[in-house]
Amino acid sequence: MFNTIGVIGLGVMGSNIALNMNSKGEKVAVYNYTRDLTDQLVQKSKGQAINPYYEVQDFVQSLKTPRKIFLMVTAGKAIDSVIDSLIPFLEAGDIIMDGGNSHYEDTERRYDELKTKGIDYLGIGISGGEVGALKGPSIMPGGDKDAYEKVAPILTKIAAQVENTPCCVYIGPKGAGHFVKMVHNGIEYADMQLIAEAYTFLRERLHLSVNEIADIFETWNQGELKSYLIQITAEILKKQDEETGLPLIDVILDKVGQKGTGKWTSIQAINNGTPSSIITESLFARYISSLKEERVFAETILDGPEMNQESLDKELWIEYIKQALYMGKVCAYTQGFTQYKMTSELYGWDLPLKDIALIFRGGCIIRAEFLNVISEAFQAQANLNNLLTAPYFAKKVKEYQMGLRKVVCEGINSGISFPCLSASLTYYDSYRTGKSNASLLQAQRDYFGAHTYERNDMEGVFHTKW
């Protein structure tokens, strides 16, 4: 009897995806370039319908046609190498799915190359980490819709389920699925940095203990800030280091890694002229964190303001920081969904924004309570340009913008770095400004480069002899 699907790449994510598929009734063939990971999975899955293969040809020939092959391989050249090893054994109509964090332009190239051979290629965005892969991730499939329909019964079964609805929906053609995952990761970067800045204010300006801050995050996770990242932040802050007895957070080195998707989101936003300042500032915050030795040296010679010792009303300022964090999150998600909308229009993808918000509610890292409201906003206004102007969020930011202002100003006056909270406030104020200083910039461009300008009182294009 043939296997119904095959998984290549048996690291943590690939192994868990294979186990997830098997737990949902699929007969799964597995293959890894090195034998050790295959053997580890076999040992872990004893008694289950997971069948190991140690040669690519045997793996491919074990699959029911049209063959469905799911790649969980490191993005880049490794995926091209795996595809090249598969092609001699595939037939027209077979389907390759890339579940890694591939750049969407690589996905489009591979789609085009395989199309000439009659092989379907789907770029599958997967979010949820190792737990999501095993128990149900958020899944973002892109490619030909008829190819997606052939694998949808499997993908919708292994996806996270929210209110009996799978967190998996067809995203759009070619690389659209991986594009949506890429921007998802950019939003994730911003969300994480905003939370870190809120934590910093609570600790450095309000002088709260780590346990007190953990309790605050736990409380926030019961209300409108409810989200996966708020939940795990509370859990992280409660964790003690077994070696020292200190809060674990105090012994973790303050250097942050990144795998490229946040960078890609910012580069794409710049290329397409999409405002993405909060996401980009979160990326730069990671870059500057990597300069640990330089920062330690700079601390000894560079002065900031003296830390304000004036005692603040803790209950009041905890409310302000909650408002600031909520508003920062809304602005960050707004920038992400604006990038979806503008890119969708540029490429003719017709991305289903209301559905994208819904599939982010389960499994994925940025799942949050207000994704329901985001979906409702796009349901009510399919052509909504900016989430901040949707009635629900417009009312919220009207209530919360002063909280964000107070926190940003107090933080800056105290010498606390707030790259994303301050970028959120700047974005909000820039977007709500009907008449800006851009007229001066355009005048300068015309002065030194004869770039011309438009007028606000008559039609046409003009140039002044300065």
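So, a few notes on the structure that sits alongside this text. (Residues numbered from 1 in each chain as written. Predicted model: local features only at pLDDT ≥ 70, side-chain atom pairs only at ≥ 80, totals over all residues. Heavy atoms only, no water.)

## Notes on the nonpolar core
Selection rule: We call a set of buried residues a nonpolar core when its members are Ala, Val, Leu, Ile, Met, Phe, Trp, Tyr or Cys and they connect through side-chain atoms within 4.5 Å of each other. Buried, partly exposed and exposed residues are distinguished by accessible area as a fraction of the type maximum, computed with a 1.4 Å probe on protein chains only: under 20%, between the cut-offs, and over 50%, respectively. Contacts are assigned to residue pairs that have any heavy atoms within 4.5 Å of one another.
Phe217, Phe337, Tyr340, Phe360 and Ile374 are the most contacted members of the largest nonpolar core, which has 83 residues in total. Those residues in contact with Ile374 that sit more than four places away from it in its chain are Tyr333, Phe337, Ala357, Leu387 and Phe393. Core analysis: the second largest hydrophobic core is formed by 30 residues, Leu10, Ile50, Ile154 and Tyr170 among them.

## Quick notes on the sheet that holds strand β3 (residues 50-52)
Test applied: At least two bridges found by DSSP between two strands is the condition for calling them paired. Numbering goes from the N terminus for both helices and strands, where a helix is a DSSP run of H or I of at least four residues and a strand is a run of E of at least two. Between N-to-C directions, angles span 0 to 180 degrees; the directions come from axes that are lines fitted to C-alpha atoms, helices contributing only their stretch in contact.
The mixed open sheet is built from seven strands, whose spatial order is β3-β2-β1-β4-β5-β6-β7. The open sheet has two free edges, formed respectively by β3 and β7 (138-142), since each of these has just one partner strand. For this sheet, the mean angle separating the axes of adjacent strands, direction not counted, is 25°. Contacting β1 (5-8), β4 (68-71), β5 (95-98), β6 (120-127) and β7, helix α7 (residues 145-158) crosses the sheet at an angle of about 25° to β6. Running over the sheet, helix α8 (residues 176-205) touches β5, β6 and β7 and is turned about 20° from β6.

## Quick notes on the pattern of salt bridges
Keep this limit in mind: A pairing counts as a salt bridge when a side-chain nitrogen of Lys or Arg comes within 4 Å of a carboxyl oxygen of Asp or Glu.
A complete count under the given rule lists 29 salt bridges for this structure. When the shortest N-O distance is used, the salt bridge between Asp94 and Arg67 registers 2.9 Å. You can see Asp94 sitting in the loop between α4 (77-86) and β5 and its partner Arg67 sitting in the loop between α3 (56-61) and β4, a full 27 residues away along the chain. Here Glu399 makes a salt bridge to Lys395, at a shortest N to O gap of 2.8 Å. With Glu399 and Lys395 both in helix α17 (residues 391-413), this residue pair falls four residues apart, about one helical turn.

## Some thoughts on the pairing of β1
With burial as the criterion, each face of β1 is covered, one bearing Ile5 and Val7 and the other bearing Gly6 and Ile8. Of the strand pairs in this sheet, β1 and strand β2 (residues 28-31) are connected by four bridges, and their pairing is parallel. When the bridges of β2 are listed, Ile8 appears paired with Tyr31. Sheet topology places β1 next to β4; three bridges connect them, and they run parallel. Note that in β4 the partner of Val7 across the bridge is Phe70.

## A short note on a nonpolar patch on the surface
To keep it simple, the criterion reads: Only residues whose relative accessible area exceeds 30% and that form no salt bridge enter a patch; like-charged residues are grouped when within 9 Å of one another, and nonpolar side chains (Val, Leu, Ile, Met, Phe, Trp, Tyr) when within 5 Å. Using a 1.4 Å probe, the Shrake-Rupley method yields the accessible areas, and only the shown protein chains count as cover for residues.
Together, Leu246, Val251 and Ile252 give the surface a local cluster of nonpolar side chains, amounting to about 250 Å² of exposed area. With respect to the helices, strands and loops of the structure, Ile252 is situated in the loop between α10 (228-238) and α11 (261-272).

## Some words on the packing of aromatic side chains
To keep it simple, the criterion reads: Here a Phe, Tyr or Trp ring, Trp counted by its six-membered ring, pairs with any other such ring whose centre lies within 6.5 Å, and the pair is stacked when the planes are under 30 degrees apart, edge-to-face when over 60, and tilted otherwise. Our definition puts a charge over a ring when NZ of Lys or CZ of Arg is within 6 Å of the ring centre and also within 35 degrees of the ring normal.
For the structure shown, the criterion picks out 24 aromatic pairs. An angle of 35° between the planes, with centres 5.7 Å apart, marks the rings of Tyr148 and Tyr170 as tilted. Of this pair, Tyr148 sits in helix α7 while Tyr170 sits in the loop between β9 (165-166) and α8; the two residues are 22 residues apart in sequence, bridging distant segments of the chain. Each member of the pair Tyr148 and Tyr170 is classed as buried. One aromatic cluster is present, formed by Tyr104, Phe179, Phe337, Tyr340, Tyr347, Trp349, Phe360 and Phe378 through successive ring pairs. The cationic tip of Arg35 hangs over the ring face of Tyr54; the distance from NZ or CZ to the ring centre is 3.9 Å. Taking NZ or CZ as reference, Lys396 lies 5.8 Å from the ring centre of Tyr326, over its face.

## Describing α11
How we decide: A helix's residues, less one, multiplied by 1.5 Å, set its expected span. The directions from the helix axis to the C-beta atoms form the arc being described.
With twelve residues, α11 ought to run about 16 Å at 1.5 Å a step, and its terminal C-alpha atoms sit 16 Å apart, in line with that. For α11, the full list of buried residues reads Thr261, Gly262, Thr265, Ser266, Gln268 and Ala269. The buried residues of α11 occupy an angular sector of 165° when the element is viewed end-on, so they sit on one face. Facing away from the buried side of α11, by more than 90 degrees, are the exposed residues Ile270 and Asn271. Gly273 occupies a position one or two residues after α11 and carries a positive phi of about 70°.

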